[in-house]
Protein chains: 2
Amino acid sequence: MRRTTRTAEDLRALAAVARGEAPADLYLAGGRVLNVYSGEVLEANVAVARGRVAYVGRRRTMVGEQTTVLDVTGRLLVPGYFDPHCHPGAMYTPVTLAEAVLPRGTVAAVADTLFPLVYADPARLEQVLQDLSRLPFHYYWFLRLHAQAPLPQEAERFAPDRLDRLLHLEPVRTAGEVTRWPLLHAGDPRLTELVAAVLAAGRRVEGHAPGVGWERLQALVAAGVSSDHEAITAEQALDRLRAGLYVMLRHSSLRGDLPALAGVASVARAFSGRLMLTPDGPDATFIADHGYMDAVIRQALLAGVDPVAAYQMATLNPATYYGLDEELGGIAPGRLADLNVLVDLRDPTPERVIAGGRLVAEEGRLTAPIEAPEWVSAFPRRYAPTWRPDPSLFAPPRGAAIALHLQNAVITRRRDLTLSDGPPPGVQVLTLLAPDGRWVARALLSGFADRLGGLACTYTVGGGMAVAGDDPHDMAAAARRTLELGGGVVAVEDGQVRFELPLPIGGLMSPEPLHRLAARVRELGAFLRARGYRHEDPTYTLFFLSFDSLPDLRLTALGIWDARAGRVLVPREER
Amino acid sequence: MRRTTRTAEDLRALAAVARGEAPADLYLAGGRVLNVYSGEVLEANVAVARGRVAYVGRRRTMVGEQTTVLDVTGRLLVPGYFDPHCHPGAMYTPVTLAEAVLPRGTVAAVADTLFPLVYADPARLEQVLQDLSRLPFHYYWFLRLHAQAPLPQEAERFAPDRLDRLLHLEPVRTAGEVTRWPLLHAGDPRLTELVAAVLAAGRRVEGHAPGVGWERLQALVAAGVSSDHEAITAEQALDRLRAGLYVMLRHSSLRGDLPALAGVASVARAFSGRLMLTPDGPDATFIADHGYMDAVIRQALLAGVDPVAAYQMATLNPATYYGLDEELGGIAPGRLADLNVLVDLRDPTPERVIAGGRLVAEEGRLTAPIEAPEWVSAFPRRYAPTWRPDPSLFAPPRGAAIALHLQNAVITRRRDLTLSDGPPPGVQVLTLLAPDGRWVARALLSGFADRLGGLACTYTVGGGMAVAGDDPHDMAAAARRTLELGGGVVAVEDGQVRFELPLPIGGLMSPEPLHRLAARVRELGAFLRARGYRHEDPTYTLFFLSFDSLPDLRLTALGIWDARAGRVLVPREER
């Protein structure tokens, strides 16, 4: 695994520019630089060549006739932001995400492989990961070691020899997130062997241990985990830090924890090198409204984190954690010339963004579209009107039935009901359907909406189409329309389609620009809130209903799943 | 390159101990732990299994019948010390060094490969490096990319394909130190290609840039260097830090710079993660008198460095720099159980040392000898009485002659003399002889001693036998005795051997325990000081007389060498 991709030619060319014996491509003149290595703001010009910083200092001898000189007088240069834990498929795609966050100053991310692993054509997966890593946005990857919900194709998609091959791809820097941490904690042989293979490949292991306290952390760290992003209090963050973990402080659409977490940066202020910031896959509206890593840095500043430390947590610290500190995370010779021009250290949203040594964004807008590789076709169409969902499929049960009652947007608890004449008010029929209709898992949904004709959604971690509603006809209509769209979210009321959002890429992602997607997601939120939805984010609710590691009950491809017990309560039905 | 060598079996076994379901091998009870991750001192017990920490906390459920319980009440546990820049051949050997410093709390080092690269049997080199890495002291290696003096065998010993193979050995973590930094700065194609190969192997590049200021640092960093240990003022250290380098603060027998350097740790106090401490190959007497990394930490504390930061610079920071933070540098689950029991944070010299999960030293003494592999025979005998140095070889020149005048222990300047009847007082004849006598390089030596019969020394970076003196007969006798010893240091006066120190391993190293070697080196110092030597260390003076990158003049295997110009002034004579 390389710390930098500089070639011999790069090294010689950069040194020549630094010596002033060759012209720079770009010269940023007259500004101040946030030096994340020494923690200072210093006056300095920055010379760029071959997409990298060649020189930082006072000299101008590398300004030649072809050098573009950019006056940044009165401005502050900071390293481009680096998201250590990115989910580039929260309805947006790796490409639309990059297009949206690059103008906000985020230039690199270590990103989730879950969707490509499960849904991309296996023969094209490696190429897709490599291609996406060559965008003018630096994608590195975290490799999942297991699915996030019981999946029919899990054994094959997560076969150890397949994972081992993927693990050795250059841009794969870590495995994780290990959402099935109880297995690792307990010494599960298969997962432990996989983690050992990850360590043998020199990669990190990203944990996911919500609510896990000191004692259980010990066994997880002993078993190979090296970081965690699930602390929601300063005490949990400090426990993780003390246990030897790197800690990602999360602030996102779903959990805005930074005010609570910031305390750890004060306690460990002098030693904040093992803290990072992440938005952990926020939804499109959060990005459109607040930004991305810039939004998280802003929250850290508001929460009282030392400003230099806040920027380090978003630049140098993730780069160091992933062994990329010679490539990213600071403004110094040899580093990739990805940096942000700020008006002020207090405002992390950049005025201009330099990436790959070129000005790529100004005032929040890309100056040129991102040239993306063809990768979408690697995701075969999963949903199609090859079968016809029928209202009978969505008929309410009679007698004893189990409801998933939402405590908040994602956490459920079991609610037992006895139905004689349909569900009581505020309880919907919930089904998870195979893309081809061959199986159905059934439950009830409580605490989601007061009323709901039919809502279908293929954006689910469990890999099927979730359909919820009061009216079997509306539900069937929503499901049918969703199949026609090739996947997506569709709401039907009184026989009319009231909302539709196509997600044709794997039934999970929209190719639309992120701001347009955000507008649609906002619409969906308004639609559902008008029908009684009262949590933060309906898209997360639908997505995580099948996530096998969240308490208590889940509806998965195996049926109703007891996440605490790790077993099926009511199996799915074959059709 | 692995971050940790834990196997699947290790992971499962350690997790089981952490859960309290399997007994620990060792349990350190009742002490406090310096948590280098959070910067705190916390009360905690430490459970150890399979040579690693399995658990840190309050529970005792992993104490079983076979568990050795060590009461450390009232004591402080700190991570074993890690030297990021070690020269394990300053007359001592990797084994005698480990035996000497392990009881002082140093448990790991990234060590110089210069001597094995040049003088070990090439067919056995890899095995020697691997074997020495398996001592109960963790040797990692820095791979030299070139010699430190012009050597006849340099092209072959430092052939790119040979280096590339060695570079991929697991314990090789970095290349360097690049003493010929001006070549890299200037873009020398061969050296730049080598550095690119190092980067492609995911290794670091250790610099060596004494006196180099901001401007030239820029080109060096652009050309691939990632650290430096040659700062001698806080300003130089800060410049290096600001330029994106990791900075090793040095305090050794030759240069006691910490009082001056400590300032950088105050300026960059909140961001000290990129600072490290090193003794940089101190001589045996320094180690015997003051210790090793413990001595450097002590100096840092005396110089006012924040105590936690001082320990981090000797533990976590080097481990992080070399990608070994999951293996070393902290007391946390999964880490190697190499740690020190201190009476007080203010006294870094340990009362007891745990290494590999066992008590290995108490009160400064090993509790059992180190089991060393057979490695000495990999260094073929280089000096033997197969030829007879004759007094005529050491006859003083007549007419114009060039003297190397010592400014201090290692830096020389040119002194031009015209001799009619032998050298003036305080100037000796100096020769460098091929081990087999086939060539001789000649100069004069000034500022070394007032008088000196004959002194021969094979501990030279230039790979020959240096002989200095006033009396050709004494010089010849010293050279002859040195050949008989298989290499070493011999002083002859009035035809009598007055001092001899055999260095039979490559003519460079003594297999004697370090404290005995130190006594001999002290004797040599006293002998020479009585004859007018007034610098810190005569062994370093003799060693570095042929070091091609130190100003100004050097006597090398090619002849008198102008280090600034990089050329031979007076060639050697063939015999």
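Right above here is the structure, for reference.
Residues numbered from 1 in each chain as written. Chains lettered and ligands numbered in written order. Predicted model: local features only at pLDDT ≥ 70, side-chain atom pairs only at ≥ 80, totals over all residues. Heavy atoms only, no water.

Overlaying chain A with chain B gives an RMSD of 0.0 Å, the required rotation being 180° about an axis along which the chain moves by 0.0 Å. Here the two chains are linked by the operation of a two-fold rotation axis. Interface overlap between copies is the fraction of interface residues in one copy that are interface residues in the other; for chain A against chain B it reaches 100%, indicating a shared surface. (Least-squares fit on C-alpha atoms with pLDDT ≥ 70 in both. Contact = heavy atoms within 4.5 Å.)

Take the sheet that holds strand 1 (residues 26–29) of chain B next. Adjacent strands of a sheet pair through backbone hydrogen bonds, lying either parallel or antiparallel. Residues and elements named next belong to chain B. Ordered by their spatial adjacency, 4 strands build an open sheet running 5-4-1-6, and the pairing between neighbours is mixed. With partners counted over all chains shown, the strands left at the sheet margins are strand 5 (52–57) and strand 6 (68–71), one partner each. Between one strand and the next, the sheet's axes are offset by a mean angle of 20°, whatever the strand orientation. Bridge count between strand 4 (residues 45–49) and strand 5: 5 bridges; the pairing is antiparallel. Looking across to strand 5, one finds that V48 is bridged to V53. Each of strand 4 and strand 5 touches helix 1 (residues 8–19); the most contacted strand, strand 5, lies at about 25° to it. (Pairing = 2+ DSSP bridges. Helix = DSSP H or I, 4+ residues; strand = E, 2+ residues; numbered from the N terminus. Axes fitted to C-alpha atoms, helices over the stretch in contact; angles between N-to-C directions.)

All names here are of chain A. When you line up the elements, P502 lands in strand 27 (residues 496–502). With a relative accessible area of 32%, P502 lands in the partly exposed category. Along the primary structure P502 and V490 are separated by 12 residues, whereas in three dimensions their C-alpha atoms are 8.1 Å apart. For P502, the contacting residues outside a window of four places in its chain are L485, G487, G488 and S510. (Buried < 20%, exposed > 50% of the residue type's maximum accessible area, 1.4 Å probe, protein only.)

By size, the foremost hydrophobic cluster in this structure holds 201 residues, and its most contacted members are Y139, L277 and F448 of chain A. Take this core: its biggest share by element is 7 residues, from helix 17 (residues 514–529) of chain A. Residue contacts for F448 of chain A: discarding those within four places in its chain leaves L406, Q428, L455, L528, G532, Y533, R534, T541 and L542 of chain A. Core analysis: the second largest hydrophobic core is formed by 200 residues, A29 of chain A together with L163, F448 and L542 of chain B among them. (Core = buried A, V, L, I, M, F, W, Y, C linked by side-chain atoms within 4.5 Å.)

With that out of the way, let us pick up the pattern of salt bridges. This structure, assessed with the given rule, holds 88 salt bridges over all chains. With a closest N to O distance of 2.5 Å, E493 of chain B and R531 of chain B form a salt bridge. Placement of the pair is E493 of chain B in strand 26 (residues 488–493) and R531 of chain B in the loop between helix 17 (514–529) and helix 18 (538–544), with a sequence separation of 38 residues. Take E493 of chain B and R531 of chain B: they sit in the same class, and that class is buried. We note a salt bridge from R498 of chain B to D494 of chain B, for which the minimum N-O separation is 3.7 Å. Of the residues examined, R498 of chain B reaches a relative accessible area of 41% and is grouped as partly exposed. Since its relative accessible area comes to 61%, D494 of chain B is described here as exposed. Connected via shared salt-bridge partners are R3, R6, D325 and E326 of chain A together with R204 and R274 of chain B. (Salt bridge = Lys/Arg side-chain N within 4 Å of Asp/Glu carboxyl O.)

This next bit is on unusual backbone geometry. Residue and element names in this part refer to chain A. In this chain, G176 is followed by E177 through a cis amide linkage whose omega measures -15°. Along the chain, E177 turns up in strand 11 (residues 172–178). Residues other than glycine seldom take positive phi values, yet R50 does so here, at roughly 50°. One can find R50 in the loop between strand 4 (45–49) and strand 5 (52–57).

Below, the discussion takes up the pairing of strand 24 (residues 454–457) of chain A. Residue and element names in this part refer to chain A. With burial as the criterion, each face of strand 24 is covered, one bearing G454 and A456 and the other bearing L455 and C457. Bridge analysis of strand 24 against strand 25 (residues 465–469) gives 4 bridges, and the strand direction is antiparallel. In the sheet register, G454 faces strand 25, and the bridge partner there is G469. The pairing of strand 24 with strand 26 (residues 488–493) spans 4 bridges and is antiparallel. From the neighbouring strand, G454 faces strand 26, where its bridge partner is V492.

With that settled, the discussion passes to the environment of R157 of chain B. Residue and element names in this part refer to chain B. Among the secondary structure elements, R157 is positioned in helix 5 (residues 154–157). Owing to a relative accessible area of 14%, R157 belongs among the buried residues under this scheme. C-alpha of R157 to C-alpha of R216: the two residues are 59 residues apart in sequence and 29 Å apart in space. Beyond its immediate stretch of four places on either side in the chain, R157 contacts L117, V118, A120, P122 and R162. From its side chain, R157 meets the backbone oxygen of V118 in a polar contact 2.7 Å long. (Polar contact = N/O pair within 3.5 Å; in protein donor to acceptor, adjacent residues only side chain to side chain.)

This part covers the side chain of R6 of chain B. On the secondary structure map, R6 of chain B appears in the segment before helix 1. Dropping the residues within four chain positions of it, R6 of chain B is found in contact with L199, V221, A222 and G224 of chain A together with L11, L14, R52, E326 and G334 of chain B.

On the side of chain B, 73 residues touch chain A, which itself brings 73 residues to the contact. For the pair chain A and chain B, the two sides together bury roughly 5,600 Å², of which 54% comes from carbon and sulfur. Interface area lost by chain A to chain B is led by R3, R242 and F271 of chain A, which between them contribute 12%. Our count for the contact surface shared by chain A and chain B stands at 10 salt bridges. Here D325 of chain A and R204 of chain B are joined by a salt bridge, their closest N and O atoms 3.1 Å apart. In this assembly, chain A and chain B are joined by 28 residue pairs in polar contact (both at pLDDT 80 or more). (Buried area = accessible area lost by both parts, 1.4 Å probe.)

Below, the discussion takes up the packing of helix 8 (residues 189–200) of chain A against helix 1 of chain B. Contact pair helix 8 of chain A / helix 1 of chain B: the axes reach a minimum separation of 8 Å and the direction vectors enclose 125°. Judged by the inter-axis angle, helix 8 of chain A sits oblique to helix 1 of chain B. Between helix 8 of chain A and helix 1 of chain B the crossing geometry is right-handed. Two secondary-structure elements touch here, helix 8 of chain A through P189, T192, E193, V195, A196 and L199 of chain A and helix 1 of chain B through A8, L11 and R12 of chain B. Looking at side-chain class alone, the contact of helix 8 of chain A with helix 1 of chain B contains 6 nonpolar, 1 polar and 2 charged residues. (Parallel < 35°, antiparallel > 145°, perpendicular 65-115°, else oblique. Left-handed = near helix turned anticlockwise from the far one by under 90°. Nonpolar A, V, L, I, M, F, W, Y, C, P; charged D, E, K, R; others polar.)

A few words now on the side chain of N317 of chain B. Residues and elements named next belong to chain B. For N317, the position within the fold is in helix 15 (residues 316–321). Under the relative-accessibility criterion, N317 is labelled buried at 5%. Apart from residues no more than four positions distant in its own chain, N317 is found in contact with S272, G273, L275, M276 and Q312.

Residues and elements named next belong to chain A. This model, assessed by the stated rule, comprises 30 aromatic pairs over all chains. Plain terms: the ring middles of F82 and Y322 are 6.2 Å apart, the flat faces sit at 15° to each other, and that makes the pair stacked. Of this pair, F82 sits in strand 8 (residues 81–86) while Y322 sits in the loop between helix 15 (316–321) and strand 16 (339–342), placing them 240 residues apart in sequence. Across this residue pair, the class does not change: F82 and Y322 are buried. (Phe/Tyr/Trp six-rings, centres within 6.5 Å; stacked < 30°, edge-to-face > 60°.)

Residues and elements named next belong to chain B. Along strand 11 (residues 172–178), 7 of the 7 residues are buried, which leaves the element largely enclosed by surrounding structure. Note: strand 10 (residues 138–143) against strand 11, 3 bridges, orientation parallel. Looking across to strand 11, one finds that L143 is bridged to A175. The pairing of strand 11 with strand 12 (residues 204–207) spans 3 bridges and is parallel.

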